[in-house]
Amino acid sequence: MTRPLVKFTKMHGAGNDYIYVNTLSCDVPDPAAAAVMWSDRHTGIGGDGLVLIGAPKAAGADFSMRIFNADGSEAMMCGNAARCVGKYLYCKGMTRSTTIRLETLSGVKTLSLHLDGDGVEGVTVDMLEPAFDVPPQYVPALCGKAGGWLSAGGREFAGTFVSMGNPHFVIFADDLDEADVARYGSVLEHHEAFPSGCNIEFARAEGAGRLRARVWERGSGVTMACGTGACAVAVAAALTGRSGRSVDVVMDGGTLNVKWDAADNHVYLTGGACFVFEGEVELP
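Fair warning: this is a prediction, and the values are worked out from it, not measured in the lab.

A word on empty space enclosed by the protein. Applying the stated criterion across every chain, the model contains 1 cavity of 30 Å³ or more. For the largest cavity, the calculated volume is near 80 Å³. Contributing to the lining of the largest cavity are Y18, I67, N69, A75, M77, C78, N166, N199, E217, R218, C226 and T228. Taken together, the residues of the lining of the largest cavity break down into 6 nonpolar, 4 polar and 2 charged.

Here it is, written out as structure tokens:
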């Protein structure tokens, strides 16, 4: 039996690649199963997950975004995906506004589009305020020593917990090449201190206004970049005196600019978004 076909668009932000479907015109009845099947880089489209663009339920929002990781779990927020959604909506003619209010599971985010002629050169996402005490995302009492210390894989890691709607644990290291992000990220993601799992970042300060970071994303593994992760790294660096409040965060897939504004305590993420290809795919 032939399964129904769904139109999709592959996009990436700093190498963080997702499969985008406009559910205003195409229904995806089982997005978790679709995310697992389509994200496979050998037998599917390939990507870090699936993003559904749809109609909002929240008052004042223009559109909604749902994100499903490559393992089928649903994510609260993704800054790279939000930027791609902004570019998608404008370039597909679904809006002519350069300010878009996007509903996510972690609140309504405001996207500011930066145009270059008729195209979108970049997008700034208001990621709202960071949070540091977010039960049940983080239970410091379950850390090995005191809050901020975790034991995993025979090693101890000192880090900073930052929630950008979804949880992040940022570990500063001298040598990121020796950090073994895949090994320790996979263990730390499921540490008992994070009842719902956690994104793990390994980072290093590289001079004024520049941070280097590598990321293990909850539900997806090692990815080229993570927008909320870049924000968490920037906030953690500012909190620990490693940087100011406006920095470039260099990830494996590209550089993102993050500003933690002292005036409103909001974190602003700026970067590009790219179309890769489009096509049709069978539903699970």
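The subject of this paragraph is the nonpolar core. The biggest cluster of nonpolar side chains holds 54 residues, and the ones touching the most others in it are Y20, M65, V249 and V258. With 8 residues, the single largest contributor to this core is helix α4 (residues 227–239). Filtering out sequence-adjacent residues up to four positions away, V258 remains in contact with A230, C231, A234, R245, S246, V247, V249, V267, Y268 and L269. With 20 residues, the next largest nonpolar core counts V134, Y138, L176 and F194 among its residues.

Okay, a negative patch on the surface next. A contiguous patch of negative charge on the surface is contributed by D174, D175, D177, E178 and D180. Tracing the chain through its elements places D180 in the loop between β11 (167–172) and α3 (181–189). On the accessibility criterion, D180 (34% relative accessible area) is partly exposed.

Moving on to the packing of aromatic side chains. Counted by the stated rule, this structure contains 7 aromatic pairs. With a centroid separation of 4.5 Å and 15 degrees between ring planes, the pair formed by Y138 and F161 is classed as stacked. Highlighted residues: Y138 in the loop between β8 (119–126) and β9 (149–152) and F161 in strand β10 (residues 155–163), separated in sequence by 23 residues. Members of the aromatic cluster, joined through ring pairs, are Y138, F161, F169 and F194.

Here the structure, examined in full by the defined rule, presents 10 salt bridges. When the shortest N-O distance is used, the salt bridge between D252 and R212 registers 2.6 Å. A residue pair is termed long-range when its members are at least 10 positions apart, and D252 in the loop between β15 (246–251) and β16 (254–260) and R212 in strand β13 (residues 210–217) qualify at 40 residues. The partly exposed category is assigned to D252, whose relative accessible area is 30%.

Of the pairings in the sheet, the one linking β13 to β15 comprises 3 bridges and is parallel in character. Note that in β15 the partner of R212 across the bridge is V250. As paired strands, β15 and β16 are joined by 6 bridges and run antiparallel to one another. Bridge pairing links M251 to G254 in β16.

With respect to the helices and strands, V250 occurs in strand β15. Put simply, V250 and K10 are 240 residues apart on the chain and 23 Å apart in space, counted from C-alpha to C-alpha.

Rules of the game
- Residues numbered from 1 in each chain as written.
- Predicted model: local features only at pLDDT ≥ 70, side-chain atom pairs only at ≥ 80, totals over all residues.
- Heavy atoms only, no water.
- 1 Å grid on protein atoms, 1.4 Å probe; cavity = no way out; pocket = protein on both sides within 12 Å on 5 of 7 lines; lining within 4 Å.
- Points joined across faces, edges and corners; volume = space filled by probe spheres on them.
- Nonpolar A, V, L, I, M, F, W, Y, C, P; charged D, E, K, R; others polar.
- Core = buried A, V, L, I, M, F, W, Y, C linked by side-chain atoms within 4.5 Å.
- Buried < 20%, exposed > 50% of the residue type's maximum accessible area, 1.4 Å probe, protein only.
- Helix = DSSP H or I, 4+ residues; strand = E, 2+ residues; numbered from the N terminus.
- Contact = heavy atoms within 4.5 Å.
- Patch = residues over 30% accessible without salt bridge, like charges linked within 9 Å, V, L, I, M, F, W, Y side chains within 5 Å.
- Areas by Shrake-Rupley, 256 points an atom, 1.4 Å probe, with all protein chains shown as cover.
- Salt bridge = Lys/Arg side-chain N within 4 Å of Asp/Glu carboxyl O.
- Lys, Arg positive; Asp, Glu negative; His and termini not counted.
- Charge placed at Lys NZ, Arg CZ, Asp CG, Glu CD.
- Phe/Tyr/Trp six-rings, centres within 6.5 Å; stacked < 30°, edge-to-face > 60°.
- Pairing = 2+ DSSP bridges.

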